[in-house]
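Okay, here's what each chain looks like letter by letter:
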Amino acid sequence: VVSSIIAECIHFQSNGNDNKKFKGDRPPCSPSRVLHLRKIPSDVTEAEVISLGLPFGKVTNLLMLKGKSQAFLEMASEEAAVTMVNYYTPVTPHLRSQPVFIQYSNHRELKTDNLPNQARAQAALQAVGAAQSGSLALPGAPPNEGTVLPGQSPVLRIIIENLFYPVTLDVLHQIFSKFGTVLKIITFTKNNQFQALLQYADPLNAHYAKMALDGQNIYNACCTLRIDFSKLTSLNVKYNNDKSRDFTRLDLPTGDGQPSLEPPMAAAFGAPGIISSPYAGAAGFAPAIGFPQATGLSVPAGLGPGALGPLAITSSAVTGRMAIPGAGGMPGNSVLLVTNLNPDLITPHGLFILFGVYGDVHRVKIMFNKKENALVQMADANQAQLAMNHLSGQRLYGKVLRATLSKHQAVQLPREGQEDQGLTKDFSNSPLHRFKKPGSKNFQNIFPPSATLHLSNIPPSVTVDDLKNLFTEAGCSVKAFKFFQKDRKMALIQLGSVEEAIQALIELHNHDLGENHHLRVSFSKSTI
């Protein structure tokens, strides 16, 4: 293992000075929970390298090769590694203000038991593990900042200092979503400062976000984030507009939502020649980043040291429309282009069920002449982004699925009499939408694909063996099964791989179990 790891490093050292050259030099590895990091600064600590992986899941092992400016990071699951690579591919992470490059390793796991100089890495991993369970401070964290305290609030209070460029609710949502599911945001001005309250689904997400973002600048040398835990444990949002939003309640009225900025400032940012915005929103402006053609004001087209490098915002309008950095599609688009599908096995219904885990799918079109490609239209841009973040890079029917924002604004239905072979389907009135009901608990139970599935709506007569047989007949290997103690209508089932679980969800969600009960299947964050 050691010699093959060294060989993998040497392969990259010869062309490590030129990232463009590297990209064409070797085809990218298939997804693995072991990640290979290059261009690591020589003075970086083990804890800093581990911190790159923390927002995406548990880090289980680390091998630092400082002489080669490289490292290997092992995540607890392949899906955590896929989410991490998907996130850092368009937006290069930085350590000590230097860009770091990440890709999948050839190795499926990291065996470092017999390697010298591993004591520091193991100590750092143990410290992080203890911090995650709330019993010890994170290495390098200031006092009282590294520990998740019992009863700690999932609500953060955010003050933005040096507000030179406008910061909108959507900018905050895009930045803070990198650390977990954001449920609610309220923005307001107090003591002449722009402030916000932001509620996560889990206090641990709030903890990581505070550690990573406190003191960072959103834009170059301005818009500094000052973050504290709020005394509130939950936010009460009455209106969905540009000042407040409850992402679990799409039914809320807009109220009298005025632009968050004072009118003179909003007008200034909407003036011609300052920021060329593709939107004519109520306030007439979009955030500064991503509009390098702007003139008349020194607008930060790129992010320098001290700005939020890994969290760069490309373009985001007041209207709540967001784009993933590096994606070719239109910001605010709700249509995804899904490529590298298995043309023999994929169906519009299968894509509807899978993408429906992350939002309400309205239409699906599998390309008539190129059946490995499809368009999936979600209910809104946020759902499209969520589905793309979670599903791109996952294996489905033996192929690694890719999802990006499409240039199309909507999926067109075939004209009357047009040959289509049933490849285009409209699901807008489907009873299977998970997020149709305002305030649904489903908003709080959105997790990445995992080998463990959450089953619900199980009738009393159905046994453990019935359910195991159902999944076995669908081609899955069942590793473990457990009914919920308090509610036998629900269970967890652990399958042989994430790919198996994805395929089982497609096949068995809404399966008729009899007694007027249809099985509900979701990805679980738990393991058995």
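Note that residues are indexed from 1 along each chain, following the sequence as it is written. Residues qualify for local features only when their pLDDT is at least 70, as the model is predicted, and side-chain atom pairs are given and counted only at 80 or more; totals for whole chains, interfaces and linings, by contrast, use all residues. Values shown for side chains rest on all heavy atoms present in the structure; no hydrogens or waters enter the calculation.

Enquirer: How would you explain the pattern of salt bridges if you had to name every residue and give the values?
Expert: Here a salt bridge means any side-chain nitrogen of Lys or Arg lying within 4 Å of a carboxyl oxygen belonging to Asp or Glu. Following the criterion strictly, the structure yields 7 salt bridges and no others. Notably, a salt bridge pairs R33 with E74, separated by 3.6 Å at the nearest N-O pair. Remark: E74 occurs in strand 3 (residues 70-75) and R33 occurs in the loop between helix 2 (19-25) and strand 1 (34-38); sequence separation between them is 41 residues. Only protein chains enter the accessibility calculation, which uses a 1.4 Å probe; a residue is then buried when its area is under 20% of its type maximum, exposed when over 50%, and partly exposed in between. For E74, a relative accessible area of 6% gives the class buried. Here D426 ties to R363 by a salt bridge, and the two come within 3.1 Å at their closest N and O atoms. Residue D426 is found in strand 21 (residues 424-426), and its partner R363 is found in strand 16 (residues 361-366); the two are separated by 63 residues along the sequence. The way it works is that DSSP assigns letters per residue, a run of H or I at least four long becomes a helix, a run of E at least two long becomes a strand, and they are numbered from the N terminus.

Enquirer: Which residues make up the packing of aromatic side chains, and what values go with them?
Expert: Between 30 and 60 degrees the pair is tilted, below 30 it is stacked and above 60 it is edge-to-face, where a pair is any two Phe, Tyr or Trp rings, Trp via its six-membered ring, whose centres lie within 6.5 Å. In the structure shown here, the tally under the stated rule is 2 aromatic pairs. Ring geometry for F352 versus F427: centroids 4.2 Å apart, planes at 5°, classification stacked. Here the residue F352 occupies a position in helix 9 (residues 348-355), and F427 occupies one in the loop between strand 21 and strand 22 (452-456), the gap between them amounting to 75 residues. Like F427, F352 is buried.

Enquirer: Kindly report on the sheet that holds strand 3, identifying the contributing residues and their values.
Expert: With antiparallel pairing, 4 strands are arranged side by side in an open sheet as 2-3-1-6. A strand with exactly one partner marks an edge of an open sheet, and here the two such strands are strand 2 (59-65) and strand 6 (101-104). Adjacent strand axes in the sheet meet at a mean angle of 20°, parallel and antiparallel pairs treated alike. Relative to the sheet, helix 3 (residues 46-53) contacts strand 1, strand 2 and strand 3, its axis offset from that of strand 2 by approximately 135°. Should DSSP find at least two bridges between two strands, the strands are regarded as paired. Axes here mean lines fitted to C-alpha atoms, for a helix over just the part in contact, with angles spanning 0 to 180 degrees between N-to-C directions. Whether two residues are in contact is decided by their heavy atoms, any of which lying within 4.5 Å being enough.

Enquirer: Please provide a residue-by-residue account of helix 12 (residues 498-508), values included.
Expert: In terms of residue burial, helix 12 counts as a mostly covered element, since 8 of its 11 residues are buried. Those residues of helix 12 that sit buried are V498, E500, A501, I502, A504, L505, I506 and L508.

Enquirer: If you had to explain the nonpolar core to someone new, which residues and values would you point to?
Expert: Counting residues in hydrophobic clusters, the biggest one holds 59 residues, and the most contacted among them are L37, V49 and F176. Where a domain begins and ends is set by an automatic assignment or by a domain database. Shared between two domains, this core takes at least three residues from each, and those domains are domain 1 (34-128) and domain 2 (155-246). With residues near it in sequence (within four places) discarded, V49 still touches L37, I40, V44, L62, M64, A71, L73 and L95. The nonpolar core is taken to be a set of buried Ala, Val, Leu, Ile, Met, Phe, Trp, Tyr and Cys residues, with the residues joined through side-chain atoms within 4.5 Å. V361, F483, L505 and F523 belong to the second largest nonpolar core, which has 56 residues in total.

Enquirer: Please set out helix 10 (residues 381-391) residue by residue, giving values where relevant.
Expert: Burial within helix 10 is extensive, with 8 of its 11 residues counted as buried. What helix 10 keeps buried is the set A381, Q383, A384, Q385, A387, M388, H390 and L391. G393 sits one or two residues past helix 10 and shows a positive phi near 95°.

Enquirer: Please set out unusual backbone geometry residue by residue, giving values where relevant.
Expert: Of note, the phi angle at K39 is positive, near 65°, even though the residue is not glycine. If you trace the backbone, K39 turns up in the loop between strand 1 and helix 3. Of note in this structure, N340 is not a glycine but carries a positive phi near 65°.

Enquirer: Give me the confidence of the model for the chain: which residues, what numbers.
Expert: Within a predicted model, pLDDT stands for the predictor's per-residue confidence, ranging from 0 to 100. Looking at the chain, pLDDT values average 77 and 74% of them are 70 or higher. Element-level pLDDT for the chain is lowest in strand 13 (residues 316-317), with a mean of 26, against a maximum mean of 97 in helix 9. Predicted confidence for residues 13-26 stays below pLDDT 50, and this span has 19 contacts to residues more than four positions away or in other chains. Across residues 257-331, confidence stays below pLDDT 50; counting only partners more than four residues off in sequence or on other chains, it has 173 contacts.

Enquirer: Would you mind going over the packing of helix 9 against helix 12 in detail, with residue names and values included?
Expert: At their nearest, the axes of helix 9 and helix 12 sit 9 Å apart, and the two run at 110° to each other. With respect to helix 12, the axis of helix 9 lies roughly perpendicular. Helix-helix and strand crossings are classified by hand; for helix 9 and helix 12 the assignment is right-handed. Of the residues in helix 12, those in contact with G350, I353 and L354 of helix 9 are I502, L505 and I506. Classification convention: Asp, Glu, Lys, Arg as charged; Ala, Val, Leu, Ile, Met, Phe, Trp, Tyr, Cys, Pro as nonpolar; all other residues, Gly among them, as polar. By residue class, the composition of the contact of helix 9 with helix 12 is 5 nonpolar, 1 polar and no charged. For classification purposes, an angle smaller than 35 degrees is called roughly parallel, one larger than 145 roughly antiparallel, one from 65 to 115 roughly perpendicular, and anything else oblique. Two helices cross in a left-handed way if the nearer one is turned anticlockwise from the farther one by less than a right angle. They cross in a right-handed way if the turn is clockwise.

Enquirer: Explain the environment of G350 residue by residue, including any values.
Expert: If you trace the backbone, G350 turns up in helix 9. Given a relative accessible area of 4%, G350 falls into the buried group. Separated by 157 residues in the primary sequence, G350 and E507 have C-alpha atoms spaced 7.5 Å apart.

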